[in-house]
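Given next are the chains, with one letter for each unit.
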Amino acid sequence: MPKRVDHEERRTQIAEALIQVAGRRGLHAVGMRDVAAEAGVSLRLVQYYFETKEKLLFYGLQHLTNRFTARVGARLAAVGPDPGPRATIEALLLASLPTDQESRTFHLLYSSYSILSVTDGALAAQPFIDSPDAAENALTGLLEGAQAAGLADPGTDARTEAISLLAMTATMGTSILVAQRTPDSAIAVLRHQLDRIFTASGHITPDARQRTDTNTCP
C-alpha cells in the first residue's frame, strides 16, 4: 500500500529549507532549485507545491511568522501569569531583536522581503502580513491600560509611543545585524525608553522595576 503523503508536512519541510538557505545566502539569492536541494526533494516537487518563487517566499515568511509568534508566546509564558504591561511590552520587543540564530534569520528575511517587494511586482502582490497594525495596536492597548492604572506617564500619547518603540526596535535590530551595536547595548537603550514611559509623577513605578531572568536573556 503506498505511503500517504502529508502535504502540510511536506510544505513545512520545503519552507524550512527556504529559511535555512536564505539565512545563509540572503533572500535575493535563493532559487527554487536551491531550496529543493536543501530539502532533499526534486525541483518538480517544489514547483508542484508552490508553482512560483514568489508563492514559495510568501509561504516561507508565513511559516517564519508562526515560529516568531510561538517564540513570543514562550517568552511571555516564562515571565509569569500576571506580568503587568511593562514586562509584557518588554518581552514582546525583546523577542524581535536578533539576539540568536533564529531571531537573526527572522529579522534578516523580513527586512529582505520588505525591500524586494518594493521593486518586485509579483512579491508586492502577495500580502506581506495579514494584519500590518497588529503589533502597533497591541502595544497601544497595553500602554493605554498602564496609563489608566497609573503605571505609565499619562502625559504621553500611547499610539505615538507604540510606533516609536516598534520603529526603534526594528532599527536597532538592523544595527545588531551589521555589528554596529551589541544585543546588550540595544536592550539597554530599549529599557531606557521604557523607563521613561513607565513613570508616575516623574518616578519609575514598581511595574517598571520588574525584572526577570527571562527578560534579561536574548
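Structure: above.
Residues numbered from 1 in each chain as written. Predicted model: local features only at pLDDT ≥ 70, side-chain atom pairs only at ≥ 80, totals over all residues. Heavy atoms only, no water.

A.B. asks: I tried to follow the overall build of the protein chain on my own but got confused; where do I start?
C.D. replies: For the protein chain, the count of helices and strands is 12 helices and two strands. Ordering the α and β elements of the protein chain from the N terminus gives α-α-α-α-α-α-α-α-α-α-β-β-α-α. For the protein chain, the residues scored as buried account for 41% of the 218 residues in total. Here the contacts in the protein chain between residues at least 6 apart in sequence split such that 66% fall between residues at least 24 apart. In the structure as shown, the protein chain presents an accessible area of about 11500 Å², 55% of it carried by carbon and sulfur atoms. (Helix = DSSP H or I, 4+ residues; strand = E, 2+ residues; numbered from the N terminus. Buried < 20%, exposed > 50% of the residue type's maximum accessible area, 1.4 Å probe, protein only. Contact = heavy atoms within 4.5 Å. Areas by Shrake-Rupley, 256 points an atom, 1.4 Å probe, with all protein chains shown as cover.)

A.B. asks: Would you take a moment to explain the nonpolar core for this structure?
C.D. replies: If you look at soluble globular proteins, the nonpolar side chains tend to sit buried side by side. Grouped together as the largest cluster of nonpolar side chains are 31 residues, with contacts concentrated most on V46 and L56. Put simply, the parts of the chain that give this core at least two residues each are helix 1 (7–25), helix 2 (32–39), helix 3 (43–50), helix 4 (53–79) and helix 6 (101–119). The greatest single-element share of this core, amounting to eight residues, is contributed by helix 4. Apart from the residues within four sequence positions on either side, V46 is in contact with I14, M32, A36, V41, E51 and L56. By size, the runner-up hydrophobic cluster in this structure holds 20 residues, among which are A146, M172, I187 and F198. (Core = buried A, V, L, I, M, F, W, Y, C linked by side-chain atoms within 4.5 Å.)

A.B. asks: Honestly, the packing of aromatic side chains in this entry has me stumped. Any pointers?
C.D. replies: Aromatic ring pairs are reported here in terms of the distance separating the ring centres and the angle at which the planes meet. By the definition in use, this model includes four aromatic pairs. An angle of 10 degrees between the planes, with centres 4.4 Å apart, marks the rings of F68 and F106 as stacked. Linking F68 in helix 4 with F106 in helix 6, this pair joins segments that are 38 residues apart in sequence. By relative accessible area, which is 19% here, F68 ends up buried. For F106, a relative accessible area of 13% corresponds to the buried category. Within the aromatic cluster, the residues linked to one another by ring pairs are F68, F106 and Y110. (Phe/Tyr/Trp six-rings, centres within 6.5 Å; stacked < 30°, edge-to-face > 60°.)

A.B. asks: Help me understand the pattern of salt bridges in this model?
C.D. replies: A side chain of one charge can pair with a side chain of the opposite charge when the charged atoms of the two come close. Under the criterion given, the structure shown has 12 salt bridges. For D100, the salt bridge goes to R71, with nearest N and O atoms at 3.0 Å. Linking D100 in the loop between helix 5 (84–96) and helix 6 with R71 in helix 4, this pair joins segments that are 29 residues apart in sequence. What makes D100 partly exposed here is its relative accessible area of 29%. The class for R71 is buried, based on a relative accessible area of 17%. It is possible to trace a salt-bridge network through shared partners that takes in R86, E90, R191 and D195. (Salt bridge = Lys/Arg side-chain N within 4 Å of Asp/Glu carboxyl O.)

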